[in-house]
Structure formats: structure tokens, C-alpha cells
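Structure at a glance
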Amino acid sequence: MAETSRPLVISAPEPRTLDLIFTPEARRRLHEGYDIRETEAAQLHRLDEEVLGLARYIIGQPPISPETLGRMKSLRCVFNVETNLINNMPYERLFERGIHVVTTGAVFAEPVAEMGLALALNLARGIVDADLDFRQGRELWGGDGNASARLVSGSEIGIVGFGDLGRALNRVLAGFRATVRVFDPWLPPSILREAGVEPAPLDTVLSESDFVFVVAAVTSENRGFLGAEAFQKMRPGAAFILLSRAGVVDFDALIEAVRRGHIVAASDVFPEEPLPADHPVRSLDGFLRSAHRAGALDIAFKRMGDMVLEDMALMDRGLPPMRCKRAERETVSRMRSKPVERN
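Predicted model, so just to flag it, every value in this text is computed and none were measured.

**Remarks on the pattern of salt bridges**
Side-chain pairing between opposite charges can occur once the charged atoms of the two side chains come close. Under the counting rule described, the total for this entry stands at 24 salt bridges. A salt bridge links Glu67 to Arg71; the shortest N-O distance between them is 3.6 Å. With Glu67 and Arg71 both in helix α4 (residues 66-71) and four residues apart, this pair spans about one turn of that helix. Notably, a salt bridge pairs Glu310 with Arg323, separated by 2.9 Å at the nearest N-O pair. Within this pair, whereas Glu310 is found in helix α13 (residues 298-316), its partner Arg323 is found in the loop between α13 and β13 (325-326), the two being separated by 13 residues in sequence.

What follows is the structure, encoded as C-alpha cells:
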């Protein structure tokens, strides 16, 4: 291998690409500052012994066996740029060696939060349906078109989950003078109060909210935990907005609750993506659909590259990463969110 004084970085970011997550200027700085060795994720273990031994960073989330990790004597950090912590590497051994595993998922918080607000406003005011009626010449004017309309301002809002996305959502809701209650069993009440929200049990969040936003990741404890009983506890006519992962919801029960007219709902995520052409949610009245596009903005992807560069610069100086979110020893094994399998 050619001699180089630059730190060696293994690049295996699929399903992302370096061009997706780095601006041309950032990619230039990446290649000027580091020796980049690109590989397919599944081929990481086949890399030259010297490359594996010298690699300081991995950009991506390739499968890493204990044997392969043992060959990576210089590894300091794995930058997960897909953002789901999947069970494909020996996290305990990584932590034991002081190797960081970080994700860039925070880049999606603001775009998804804004989409969540848009979905809530539409459910409150019927914007899409009114536009479709107008195009077909059957619009209702003035108050006649507002029979089921309501305000977000001054309403009661529930948020399930208060990670990066929950905090971003709370910020975009700040101007609406709403009462915001949050259920997050992984956070102490004081942190929620410091953020200006009320800690509350799940039943309270469901039963006392006009709008319920679900932004919780899928874990080993909460898969499908929002089902028929949860939806029945919601106020008649309340809005349910799903923004994180479909795995936290019993989707058939959600469809049934909307079909019965008990609640209205919106979702940016679905159990299958793309959905089959005959899936019942496609034609369900009272259900607003978005094709997993809430966070997929180019500006968000490019922020990933900036975060990676900033944290690599810190670690090159012997400091810990600060921009990306670090996986925690106590919770990483509980995470069950995963990249959506495209059909």
C-alpha cells in the first residue's frame, strides 16, 4: 500500500453515496484530508489486511464481524449515515475498545418536524380535500367548507417520543400556544419540563390531545404498541400523525379507527414501501398520505457530510465526536428501527 500521512477512511455508505451526503466542496476537503478507500458494504471483510489495520474511520454501516473488527486495530469511529442502528456489528466489543458508533439522523429532525406540522394543519383545515373539490367544481365557500375545521393554535397536543425529532417538533409548534404533553419512557421528567413540555403517561397523551404526533423509534419494547385500544382512547375526531416508523403502530387497527370515523390520521411511513396498488389505505377517507418524503431533502443529506467532517476533525485532535449522535451501550441493543425494504 502506498505511503500516506493522511488518516485512512473506509467508505461504504450504501444506500447513501458520497455524492449524496457531501457537497462538492465538502467532498474535496474529505479527499484532501483523508485517504479514502471505497468498498461495497458486504465486501468490507475482504479488504487488504493493511487497509483494515490502518482504517481510522468508517463512513457507512457495513456488517462487521468480531473477526473483522479484531483486524481493525486503528478504528476510532463508525459513522452510520443511514441513521438506523441495525444489529450487524458487535456493539459491545466496539464499546469495550472505546470505538464510537454515531449516527447522522439529527439532520432529518427539522425537515420531518416541518412536514408533521403541515400534515397537522391539513388535517385541521382540510386543505388537500378542499383543493381537490375546487378542481372538480364542487368547492364549498366560506363557512360551508369548514364544517369539520379546527385550530391548531391553543389546542392540546401529545407527542410520543422526545428524541431529536420530538424536540424539533416542539420547536416548530412553539408559536401555536398549545399545551404540549409528552410520553417518553427513556427520559426523566425534568428533561421534558426543561424543554417546556408536560411529562405525561401514554394514556393521558392519547386521551387528552387534539393532535397526537408519533415520533418514537422502534425498540424491542414498543413494536406495534399503538393498537386498537390506544386509538379507542383518543378523542373522537382527534388527529393521529405518524412520522417515525410504521413498526410502532398496528397499522390495520389504525386503518380501522379511521374507517370508523373515530379519528383522522396522516402518515409519512408505511409497513411496506411502496405500498401495493390495492392497499386499503390508498383510498381511505380521513387518511392523509405522504410517500416517506418528510426528511428526504437534499439540504438534509448534505448536512450529513458536514457533521462527519466536523467530528472527524475533533477526533483527529483526540477529542470526542460532538455533532453526530452517539449510540449508547444501554440502548443500542434495543433498537429495532431498520431501513425500509423497497419492493
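**What to know about helix α12 (residues 251-259)**
Note that an α-helix has 3.6 residues per turn; residues three or four places apart therefore point the same way. Turning to α12, its buried residues are Phe251, Ala253, Leu254, Ile255, Ala257 and Val258. For α12, the N-terminal capping position is held by Asp250, with its side-chain oxygen 3.3 Å away from the main-chain nitrogen of Asp252. Gly261 lies just past α12 and shows a positive phi near 85 degrees.

**Describing the packing of aromatic side chains**
Tallying each qualifying case throughout the model produces seven aromatic pairs. Residues Tyr57 and Phe79 carry aromatic rings whose centres are separated by 6.0 Å and whose planes lie at 70 degrees to one another, so their mutual orientation is edge-to-face. Taken as a pair, Tyr57 in strand β3 (residues 55-60) and Phe79 in strand β4 (residues 77-80) lie far apart in primary sequence, 22 residues in all. The rings of Tyr34, Tyr57 and Phe79 are connected pair by pair, giving a single aromatic cluster. Positioned above the aromatic ring of Phe211, the side-chain terminus of Arg150 is 5.2 Å from the ring centre.

**A closer look at the packing of helix α6 (residues 109-125) against helix α8 (residues 164-172)**
Where α6 meets α8, the closest approach of the two axes is 8 Å, and the angle between their N-to-C directions is 50 degrees. For the element pair α6 / α8, the angle class is oblique. The way α6 lies across α8 gives a crossing that is right-handed. Contact residues: Ala109, Glu110, Val112, Ala113, Glu114 and Leu117 in α6; Asp164, Leu165, Ala168, Leu169 and Val172 in α8.

**Considerations on the nonpolar core**
The biggest cluster of nonpolar side chains holds 56 residues, and the ones touching the most others in it are Phe22, Phe79, Phe211, Phe213, Ile241 and Met312. Element by element, the count of residues in this core is highest for α6, at nine residues. Beyond its immediate stretch of four places on either side in the chain, Phe79 contacts Tyr57, Ile58, Ile59, Gly60, Gln61, Val102, Val308, Asp311, Met312, Met315 and Cys324. Counting 33 residues, the second-largest nonpolar core is a separate cluster that includes Leu226, Phe240, Leu254 and Leu275.

**Considerations on the pairing of β4**
Where burial is concerned, the two faces of β4 agree: the one with Cys77 and Phe79 and the one with Val78 and Asn80 are both buried. Inspection of the sheet shows β3 paired to β4 by three bridges, in the parallel sense. Directly across from Ile59, in β4, lies its bridge partner Phe79. Note on the crossover from β3 through α4 to β4: the handedness is right-handed. Remark: the β4/helix α5 (residues 91-96)/strand β5 (residues 100-103) crossover connection has right-handed handedness.

**Things to note about the sheet that holds β13**
Strand order in the open sheet formed by six strands is β2-β1-β3-β4-β5-β13, and the pairing between neighbours is mixed. Here the strands that pair on one side only, and so sit at the sheet edges, are β2 (35-38) and β13. Examined bridge by bridge, strand β1 (residues 8-12) and β3 share five bridges and lie parallel to one another. Bridge pairing in β3 links Ile10 to Ile58.

**Regarding the pairing of β5**
Relative to β5, β4 runs parallel, the two being bridged by four bridges. Residue pairing in the sheet places Asn80 in a bridge with Thr103 of β5. In this sheet, β13 lies alongside β5 in antiparallel orientation, the contact comprising two bridges. In the sheet register, Thr103 faces β13, and the bridge partner there is Lys325.

**Concerning the state of the cysteines**
Taken as a whole, this structure holds zero disulfides when the rule is applied. We note that Cys77 lacks a disulfide partner, and the nearest cysteine sulfur, in Cys324, lies 7.0 Å from it. Take Cys324: its relative accessible area is 6%, and that puts it in the buried class.

What counts and what doesn't
Residues numbered from 1 in each chain as written. Predicted model: local features only at pLDDT ≥ 70, side-chain atom pairs only at ≥ 80, totals over all residues. Heavy atoms only, no water. Salt bridge = Lys/Arg side-chain N within 4 Å of Asp/Glu carboxyl O. Helix = DSSP H or I, 4+ residues; strand = E, 2+ residues; numbered from the N terminus. Buried < 20%, exposed > 50% of the residue type's maximum accessible area, 1.4 Å probe, protein only. Polar contact = N/O pair within 3.5 Å; in protein donor to acceptor, adjacent residues only side chain to side chain. Phe/Tyr/Trp six-rings, centres within 6.5 Å; stacked < 30°, edge-to-face > 60°. Lys NZ or Arg CZ within 6 Å of the ring centre and 35° of its normal. Axes fitted to C-alpha atoms, helices over the stretch in contact; angles between N-to-C directions. Parallel < 35°, antiparallel > 145°, perpendicular 65-115°, else oblique. Left-handed = near helix turned anticlockwise from the far one by under 90°. Contact = heavy atoms within 4.5 Å. Core = buried A, V, L, I, M, F, W, Y, C linked by side-chain atoms within 4.5 Å. Pairing = 2+ DSSP bridges. Right-handed = clockwise from strand over helix to strand, strands pointing away. Disulfide = S-S within 2.5 Å.

Read these as spatial facts, not as claims about activity.
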